[in-house]
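For reference, the chains in residue letters:
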Amino acid sequence: MDRPSWDEYFMMIAEDVSRRSTCLRRKVGAILVVQRRILATGYNGAPSGVPHCSETGCLREQMAVPSGQRHELCRGLHAEQNAIIQAAKHGARIDGATLYTTHHPCSICAKMAINAGVTRIVCREDYPDDLGKTMLRLGGVKLEVFAGGKG
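The residue numbering used here restarts from 1 in each chain and proceeds along that chain's sequence as written. pLDDT decides what is reported in this predicted model: residues at 70 or higher carry local features, side-chain atom pairs at 80 or more are listed and counted, and totals for whole chains, interfaces and linings draw on all residues regardless. Working from all heavy atoms in the structure, the side-chain values ignore hydrogens and water.

K.L.:
Give me the lowdown on the sheet that holds strand S1 (residues 29-34), citing residues and values where you can.
P.N.:
The strand order S2-S1-S3-S4-S5 describes an open sheet built from five strands, whose pairing is mixed. This sheet does not close on itself; its edge strands, each paired only once, are strand S2 (37-43) and strand S5 (142-145). Here the average twist between neighbouring strands, direction ignored, is 20°. The contact rule is simple, with two residues in contact once any of their heavy atoms fall within 4.5 Å. Here an angle of 0 to 180 degrees is reported between the N-to-C directions of two axes, which are lines fitted to C-alpha atoms, with helices fitted over the stretch in contact. Runs of E in the DSSP output that reach at least two residues are strands. Runs of H or I that reach at least four are helices, and both are numbered from the N terminus. In the packing of helix H4 (residues 79-89) onto the sheet, the strands contacted are S1, S2 and strand S3 (98-103), and the crossing angle to S2 comes to about 130°. Pairs of strands are assigned from DSSP output, requiring at least two bridges between the strands.

K.L.:
Quick one: what's the story with unusual backbone geometry, residue by residue and with numbers?
P.N.:
Here the phi dihedral of Gln35 falls at roughly 50°; this positive angle occurs in a residue that is not glycine. Position of Gln35 relative to the elements: it lies in the loop between S1 and S2. Exposed residues in this analysis have more than 50% of their type's maximum accessible area, buried residues have under 20%, and partly exposed residues fall in between, with area computed by a 1.4 Å probe over protein chains only. Classification of Gln35 by relative accessible area gives exposed; the value is 72%.

K.L.:
Any chance you could break down the pairing of S1 for me, citing the residues and the numbers?
P.N.:
For S1, the tally of buried residues reaches five of six residues, placing the bulk of the element in the interior. Note: S1 against S2, six bridges, orientation antiparallel. Residue pairing across strands places Val33 opposite Ile38, the latter belonging to S2. The turn linking S1 back onto S2 is made up of two residues, and Gln35 within it adopts a positive phi angle of 50°. With four bridges connecting them, S1 and S3 associate as antiparallel partners. Bridging across to S3, Leu32 finds its partner in Leu99.

K.L.:
I'd like to hear about the pattern of salt bridges, residue by residue, with values.
P.N.:
Salt bridge, as applied in this entry: a Lys or Arg side-chain nitrogen positioned within 4 Å of an Asp or Glu carboxyl oxygen. Here the structure, examined in full by the defined rule, presents eight salt bridges. Note that Asp95 and Arg93 form a salt bridge whose closest N and O atoms lie 3.3 Å from each other. Take Asp95: its relative accessible area is 46%, and that puts it in the partly exposed class. Its relative accessible area of 67% is what places Arg93 among the exposed residues. The partner of Lys133 in a salt bridge is Asp126, with the nearest N and O atoms 2.8 Å apart.

Everything listed is a geometric property; what it means functionally is a separate question.
Quick look at the structure:
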């Protein structure tokens, strides 16, 4: 029997969550885990009740905004943001959590994760935002690039 490790298991779930994304550029999924229990999930897309980019087109593409820059010029929330917001909305304490995400968090998500009490981030793919990497290091968040098999 080829049983996945906990990191493999949670990364497979984050990848499944990413399938809900409505972003036209990059499909990202994230889950928050404390003591091997999933507390919240998130994927990138527009706020609840707001038309998604899959319906309206990508504002960032229309404005030719490069990846990793000008995060405020986007209709959507990032997967990590949505996971943190879902935890808060439903009263789940995430202090000490591990964040599994399909992509390295941007600087905004890195700052949110630090202040939310996330202590470890496991990601599969890089993201062109050196400030995010610096913030995580300075904030004492352990960052691991997942090298396991793709789910």
